[in-house]
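Observations on the model geometry
Single-letter residue listing:
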Amino acid sequence: MGIARFGSVSFLNARPLVEGLGETVLDTPAGLVDRMRSGELDAAVLPVVELFARPGYSAVRGAGIFARRDVWSVLLIHECPLREIRRVALDPASRTSAMLVRLILEHHERLHPEYVPENEPADGRLLIGDRALEWQRQHQGRGSLDLGLDWHRRYGMPFVFAVWAIRDGAPDRAGIAEALRAARRAGEARRAEYARDDFELEYLTRVLAYDVADAEIVSVSHFQSVLFNAGLIDEMLELKWI
Amino acid sequence: MTAESQVFERAGIRDIAGRVLASERVSAGDGARLFRCRDLPALGMLADAVRRRMNDDRATYIRNRYINYSNICILDCQFCAFARRRREPGAWEYTLPEMVELARKAAREGVTELHIVGGLHPTLPFDYYLGMMRELRVAAPGVHLKAFTAIEIRHMAERVAKRPIPEVLEALRDAGLGSLTGGGAEIFDAGVRDRICRGKETAEEWLGVHREWHRMGGRSTCTMLYGHVEMAEHRADHLCRLRALQDETGGFTGFIPLPFQPEDNELAHVRRCSGFEDLRAIAVSRIMLDNVRHVTAYWVGLGLPMAQVALGFGADDLHGTIMEEHIFHMAGADSPQAVTVSLLERVIREAGKVPFERDSHYGVLSEGRATAVA
């Protein structure tokens, strides 16, 4: 493998994916999408909805971030009952989570809220990453909808938020995929070191998981099909796994 | 020995039950043993444990409407009372404007899925099917189009459009097809097929269409037609083949066992199978199909009372509100043509489960939505 350019998410939850990879650009999910599209990176931890939006990637088996049930760090904070939400502020850093919010509200709940930028007044607010995790630590689920749990309740499946994806033109893609799986294995073994306390340790070990296998791949495909049939994505791109 | 294992011991399935409860897979041989087991409560207990593990205590239904666009068919399946030749009395085909009207009405009534199947029509052009998808999508926006069996897809590919199956599926999807229906599987065994539906597509051909659809990211359901001439081994083999494809693709959302209805068809000498057989089919399917999340008790075929009881024998879904079903009714099913949401919910609650409306992907829609849409 030559020197590949890697990008990962700057949140605690992605730490186990980059162990031993060397220099890695850290950015938000939305920022990583831009960097991959511009060709700046060879591989990045991409929001799964980017796989539905553009061809030209292979997703890496065995290296991604998924929630077995609840996720803790992707929350729709709501001040009124969910069914009364009229305005939702989306976190500009998010991609998959923003799509999942739309799916829940528009398809499952048949609501048609207005989506507004982050700092505008709203009665629902999507929070992701470390900010959401802090909210979860303080509120323990009160006043928020955990989007991982919501998916699990509806479909009985894990939910994959992001996966390592390799650009089609990158050199030695099989070698890169193997290196990314090795990084995940190494990172998983060191989760106790990344966690600052028991709460974070539980988050990184019991709540989240990283070894994206058959059940998770089916869930990604299921999510894509549900989004397509709900009219939230325009085409069904073939997903490639390496 | 616990009371539970005594039950399984008496039923002669203690070894299988032990493996199932340890989440191990049931082999074809063991599946055939289960299909021969006469201790229905024991089978039900085991199936119920699997159902609970996979679906908790919820049971679902969908607001759907059937449209059988035509019963004109070039095949002569011995079990079928639905099909007619083109000029035969009782033959029909809907025009697209007629279908659009049905779809509009369904959308106004809050239906979320149109379930559309027909015969293998000798002359309708491919544009009829594409136009159907396009126009229904416009007439009923947001309503999921669940349409066509694998058999109809192959018919379109080979005889109508004369294009490869992936192209046909792609074109239908572009036009609005949401998911494939599960019909036409019957029993996969070639010998049985030869006796009940000679000339129909083979097991591999049926599976091939679903495999291709799943590869494209699509979802579908799967079925088994039981209670005619098949043996326990044939059923177990059928479920194993479905399970193997599901291992490969994960694209089946639910399984729907269909009881053969013996009126007005060439197998009319066969008796309608018993309630015992219906519940055993539900239970053993639930036990064997460890990778298909949902088992539907199809009330049109079973009758609503039996479908309700099936919720205690492994089923976790009652299918839909329906309206104007023809295929089973022409073969003698005496269930009503439609049921209301409130009846389905009452039936589910009475069976001790929590009712939820679902979407076409078996995803739970929210409580309270029913009243919001009604």
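The next subject is the packing of helix 3 (residues 96-108) of chain A against helix 5 (residues 147-155) of chain A. All names here are of chain A. Closest axis-to-axis distance for the helix 3/helix 5 pair is 11 Å, and the angle between their directions is 45 degrees. Considering the angle they form, helix 3 stands oblique to helix 5. At the point where helix 3 passes helix 5, the crossing takes the left-handed sense. Contacts between helix 3 and helix 5 involve S97, L100, V101, L103, I104, H107 and H108 from the first element and L147, D150, W151, R154 and Y155 from the second. Grouping the amino acids of the contact of helix 3 with helix 5 by side-chain chemistry returns seven nonpolar, three polar and two charged.

Another point: the pairing of strand 3 (residues 113-117) of chain B. All names here are of chain B. Where burial is concerned, most of strand 3 is hidden: five out of the five residues are buried. Where burial is concerned, the two faces of strand 3 agree: the one with E113, H115 and V117 and the one with L114 and I116 are both buried. Relative to strand 3, strand 2 (residues 64-68) is paired through five bridges, and the arrangement is parallel. Paired with Y66 across the bridge in strand 3 is H115. Here strand 3 runs beside strand 4 (residues 144-147); their pairing, made up of four bridges, is parallel. Within strand 4, the residue paired with L114 across the bridge is L145. Read from strand 3 through helix 6 (residues 126-139) to strand 4, the crossover connection turns out right-handed.

Before going further, it helps to examine the domain arrangement of chain A. All names here are of chain A. Segmenting chain A into domains produces domain 1 (6-66 + 159-229) and domain 2 (74-155). Inter-centroid distance (C-alpha atoms) of domain 1 to domain 2 is 22 Å. Residue-level contacts link 23 residues of domain 1 with 20 residues of domain 2. The junction of domain 1 with domain 2 conceals about 1900 Å² of combined surface from both sides, 75% of it contributed by carbon and sulfur atoms.

Cut-off values and rules
Residues numbered from 1 in each chain as written. Chains lettered and ligands numbered in written order. Predicted model: local features only at pLDDT ≥ 70, side-chain atom pairs only at ≥ 80, totals over all residues. Heavy atoms only, no water. Axes fitted to C-alpha atoms, helices over the stretch in contact; angles between N-to-C directions. Helix = DSSP H or I, 4+ residues; strand = E, 2+ residues; numbered from the N terminus. Parallel < 35°, antiparallel > 145°, perpendicular 65-115°, else oblique. Left-handed = near helix turned anticlockwise from the far one by under 90°. Contact = heavy atoms within 4.5 Å. Nonpolar A, V, L, I, M, F, W, Y, C, P; charged D, E, K, R; others polar. Buried < 20%, exposed > 50% of the residue type's maximum accessible area, 1.4 Å probe, protein only. Pairing = 2+ DSSP bridges. Right-handed = clockwise from strand over helix to strand, strands pointing away. Domains from an automatic or database assignment. Buried area = accessible area lost by both parts, 1.4 Å probe.

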